[in-house]
Amino acid sequence: LLVTSMIASVSGIIQSIYNGPIYSRSSGVSGSGKSTSVRPGSISFNYVKAGKWVQENIKNGNLFFTNRQCIDAKSSYSDCEGYWYYASAFSKHQFLIEGAAMTNLEDSDMSKMSARQALSYRFSLAPNMEDLKTLWESNVRWGWIDKQVSDISDWRGLAREIYANSDISIIELIDPTK
């Protein structure tokens, strides 16, 4: 059994070397070194850089929202085949949509999570005072905006961009009570 397992592992490694990672749908030697382009929906090193920036510049305990809810960046949050938690992992910060509640939902909890997903997505596409107030009341102060989902730059005075690269914008929400 051990020998069979080792043969299967080595076979998978060799296949990845010549055909690229198993899930990449690559057709040929994938090579090594720094990637210069990314496949739509995938993540680039810019996600890691944005996460590192958040770790170094925003105190732990601050809650974020993100416009990306699904592994497939172009999927609607209501049609997710898999939830996307990379922003939380890279930044080491908590997000409005994450945690054990996502894996063990009753009907009432599911509607609450769907409302949070809709709120996050809606505000990232069309910032408005009502959504800002709801985010603020939920203790959200920051946004991780994936430009594959939406790439707006006019936050209508409701947030300000404080970090950006070609894939991610980090925004700070403006206190709606002031």
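Residues numbered from 1 in each chain as written. Predicted model: local features only at pLDDT ≥ 70, side-chain atom pairs only at ≥ 80, totals over all residues. Heavy atoms only, no water.

Enquirer: How should I be thinking about the packing of aromatic side chains in this particular structure?
Expert: Ring pairs (aromatic) are described by centroid distance and by the angle formed between their planes. Applying the stated criterion across every chain, the model contains six aromatic pairs. Ring geometry for F64 versus W142: centroids 6.3 Å apart, planes at 25 degrees, classification stacked. On the criterion of sequence distance, the pair formed by F64 in strand β1 (residues 63-66) and W142 in strand β2 (residues 140-146) is long-range, its members being 78 residues apart. Across the pair, exposure class does not vary: F64 and W142 are buried alike. With 6.0 Å between their ring centres and 25 degrees between their planes, F123 and W155 make a pair best called stacked. Residue F123 is found in helix α4 (residues 107-125), and its partner W155 is found in the loop between β2 and β3 (159-164); the two are separated by 32 residues along the sequence. The class for W155 is buried, based on a relative accessible area of 4%. Within the aromatic cluster, the residues linked to one another by ring pairs are F64, F95, W142 and W144. Of note, R141 hangs over the ring of W136, and the distance from its end group to the ring centre comes to 3.6 Å. (Phe/Tyr/Trp six-rings, centres within 6.5 Å; stacked < 30°, edge-to-face > 60°. Helix = DSSP H or I, 4+ residues; strand = E, 2+ residues; numbered from the N terminus. Buried < 20%, exposed > 50% of the residue type's maximum accessible area, 1.4 Å probe, protein only. Lys NZ or Arg CZ within 6 Å of the ring centre and 35° of its normal.)

Enquirer: Looking at this structure, how should I read the sheet that holds β3?
Expert: Sheet strands associate in pairs through backbone hydrogen bonding, adopting either a parallel or an antiparallel arrangement. Taken together, four strands build an open sheet; the order of strands is β1-β2-β4-β3 and the sheet is mixed. At either margin of the open sheet sits one strand with a lone partner, and together these are β1 and β3. The mean inter-strand angle of the sheet, taken between neighbouring strand axes irrespective of direction, is 30 degrees. With five bridges connecting them, β3 and strand β4 (residues 168-173) associate as antiparallel partners. Residue Y163 lies in a different strand from β4, and its bridge partner there is I170. (Pairing = 2+ DSSP bridges. Axes fitted to C-alpha atoms, helices over the stretch in contact; angles between N-to-C directions.)

Enquirer: What's the story with the side chain of D131 in this structure? I'm lost.
Expert: You can see D131 is positioned in helix α5 (residues 129-137). When its relative accessible area of 3% is taken as the criterion, D131 is described as buried. With sequence-adjacent residues up to four places away left out, D131 is seen in contact with L119, R122 and F123. (Contact = heavy atoms within 4.5 Å.)

Enquirer: Mind showing me how you'd approach the side chain of D175 here?
Expert: Following the sequence through the fold, D175 ends up in the segment after β4. Lacking a salt bridge, the buried D175 has K178 as its closest oppositely charged neighbour, with an N-O distance of 4.1 Å. In terms of polar contacts, D175 uses its side chain to reach the side chain of T177, at 2.5 Å. (Lys, Arg positive; Asp, Glu negative; His and termini not counted. Salt bridge = Lys/Arg side-chain N within 4 Å of Asp/Glu carboxyl O. Polar contact = N/O pair within 3.5 Å; in protein donor to acceptor, adjacent residues only side chain to side chain.)

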